[in-house]
Amino acid sequence: ETGVTQSPTHLIKTRGQQVTLRCSSQSGHNTVSWYQQALGQGPQFIFQYYREEENGRGNFPPRFSGLQFPNYSSELNVNALELDDSALYLCASSPGRYEKLFFGSGTQLSVL
Amino acid sequence: GNSVTQMEGPVTLSEEAFLTINCTYTATGYPSLFWYVQYPGEGLQLLLKATKADDKGSNKGFEATYRKETTSFHLEKGSVQVSDSAVYFCALSNAGGTSYGKLTFGQGTILTVHP
């Protein structure tokens, strides 16, 4: 049990739509990172938020955006969905930028 | 840029067999190295880590040694159990210090252990 909860567990969208994925971290975890894991691949870093500010971004276009809230919850938003966005999206939180990560079980997004 | 390459899988072993999963990396500077494990239906869990050359990370009978000369971080276990069946990911971070948040992962190796 990592204390990181993601919702929804599964989601189906159509191309061009927008989606919001949610993550609830442990109390005191001021850092959250988001990863995309395509089928059969390792997770790829999307971005990290530290104390509600973006603190690093991977090689993902601006239509991937995020928010972090003071209550230790966060969101990943993806606009103009493409078929290649189909993947497992993982949220990971930590009590600091240089601390151990705690991963959620992920949201499986399918884009049709 | 950073990259991590894991041995081709999947790996199938009998219980009590010796396990090696190879991992090599490309990175600038002095990255920290990690092994993560993903059990069916669960999130990724940190298995072990090493933050500098010649460090050995160990946990639950698994070991890996940070070899800078060969840019490798191979995972080993002397006697696997059925409960070790999972997907194993090698990863690195060189975002500064021992930052764990911005990781580059390998493609993962599926391990299946039969009784």
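Look up a bit, the structure's there.
Residues numbered from 1 in each chain as written. Chains lettered and ligands numbered in written order. Predicted model: local features only at pLDDT ≥ 70, side-chain atom pairs only at ≥ 80, totals over all residues. Heavy atoms only, no water.

### Details of the overall build of chain A
At step 1: Scanning chain A from N- to C-terminus turns up 0 helices and 11 strands.
At step 2: Each helix (α) and strand (β) of chain A, taken in turn from the N terminus, gives the series β-β-β-β-β-β-β-β-β-β-β.
At step 3: Taking 112 residues into account, the globule formula puts the C-alpha radius of gyration at 13 Å, and chain A, at 13 Å, falls close to it.
At step 4: Along the first, second and third principal axes, the C-alpha atoms of chain A reach 35 × 30 × 25 Å.
At step 5: Looking at chain A residue by residue over its 112 residues, the buried ones come to 49%.
At step 6: Considering only contacts in chain A between residues 6 or more positions apart, those separated by 24 or more positions represent 54%.
At step 7: Carbon together with sulfur atoms contributes 47% to the accessible area of chain A, which is approximately 5500 Å² in total.
At step 8: Taking the average location of the 8 positive side-chain charges in chain A and that of its 9 negative ones, the two points are 1 Å from each other. (Helix = DSSP H or I, 4+ residues; strand = E, 2+ residues; numbered from the N terminus. Rg over C-alpha atoms; globule rule 2.2 N^0.38 Å. Buried < 20%, exposed > 50% of the residue type's maximum accessible area, 1.4 Å probe, protein only. Contact = heavy atoms within 4.5 Å. Areas by Shrake-Rupley, 256 points an atom, 1.4 Å probe, with all protein chains shown as cover. Lys, Arg positive; Asp, Glu negative; His and termini not counted. Charge placed at Lys NZ, Arg CZ, Asp CG, Glu CD.)

### Let's talk about the side chain of Thr107 of chain A
At step 1: Mapped onto the fold, Thr107 of chain A is located in strand β11 (residues 107-111).
At step 2: Take Thr107 of chain A: its relative accessible area is 0%, and that puts it in the buried class.

### Concerning the interface of chain A and chain B
At step 1: The interface is formed by 21 residues belonging to chain A together with 18 residues belonging to chain B.
At step 2: The contact between chain A and chain B buries some 1400 Å² in all, and 58% of this surface belongs to carbon and sulfur atoms.
At step 3: Sorting the residues of chain A by area buried against chain B places Pro43, Tyr98 and Phe103 of chain A first, and these three jointly supply 32% of that buried surface.
At step 4: Counting across the chain A and chain B interface gives 0 salt bridges.
At step 5: For the pair chain A and chain B, the interface holds 2 residue pairs in polar contact (both at pLDDT 80 or more).
At step 6: Elements represented by at least two residues in the side of chain A that touches chain B include exactly β4 (31-37), β5 (44-50), β6 (53-57) and β9 (87-94) of chain A.
At step 7: Take the side of chain A that touches chain B: its biggest share by element is 3 residues, from β4 of chain A. (Buried area = accessible area lost by both parts, 1.4 Å probe. Salt bridge = Lys/Arg side-chain N within 4 Å of Asp/Glu carboxyl O. Polar contact = N/O pair within 3.5 Å; in protein donor to acceptor, adjacent residues only side chain to side chain.)

### What to know about the nonpolar core
All names here are of chain B.
At step 1: Leu19, Trp35, Leu47, Leu48, Phe73, Leu75 and Tyr88 are the most contacted members of the largest nonpolar core, which has 26 residues in total.
At step 2: Broken down by secondary-structure element, the contributors of at least two residues to this core are β2 (11-14), β3 (19-21), β4 (23-26), β5 (32-38), β6 (44-50), β8 (62-65), β10 (86-93) and β12 (109-114).
At step 3: It is β10 that contributes the most residues to this core, 4 residues altogether. (Core = buried A, V, L, I, M, F, W, Y, C linked by side-chain atoms within 4.5 Å.)

### A word on unusual backbone geometry
Excluding glycine, most residues fall at negative phi; most peptide bonds, likewise, are trans.
At step 1: For the bond running from Ser7 of chain A to Pro8 of chain A, omega is -10 degrees, close enough to zero to count as cis.
At step 2: Within the element layout of this structure, Pro8 of chain A appears in the loop between β1 (5-7) and β2 (10-13).
At step 3: A positive phi angle is found at Tyr72 of chain A, which is not glycine, with a value near 70 degrees.
At step 4: Tracing the backbone through its elements, the reader meets Tyr72 of chain A in the loop between β7 (64-68) and β8 (73-78).
At step 5: Looking at Tyr72 of chain A, the relative accessible area reads 29%, which means it is partly exposed.
At step 6: One non-glycine residue, Asp54 of chain B, lies in positive phi territory at about 75 degrees.

### Remarks on the environment of Met7 of chain B
Residues and elements named next belong to chain B.
At step 1: Relative to the assigned elements, Met7 resides in the loop between β1 (3-6) and β2.
At step 2: With a relative accessible area of 24%, Met7 lands in the partly exposed category.
At step 3: A sequence separation of 15 residues divides Met7 from Asn22, and the C-alpha atoms of the two residues are 5.2 Å apart.
At step 4: For Met7, the residues in contact, after removing those within four places along its chain, are Thr20, Ile21, Asn22, Gln107 and Thr109.

### Overview of the sheet that holds strand β3 (residues 19-24) of chain A
Residues and elements named next belong to chain A.
At step 1: Reading across the sheet, the 4 strands line up as β1-β3-β8-β7 and stay open at both edges, with antiparallel pairing between neighbours. Of all strands in the sheet, those bounded by a partner on one side alone are β1 and β7. Going across the sheet, the axis of each strand differs from the next one's by a mean of 20 degrees, ignoring polarity.
At step 2: Relative to β8, β7 is paired through 5 bridges, and the arrangement is antiparallel. Along β8, the bridge assignment pairs Gly66 with Leu76. (Pairing = 2+ DSSP bridges. Axes fitted to C-alpha atoms, helices over the stretch in contact; angles between N-to-C directions.)

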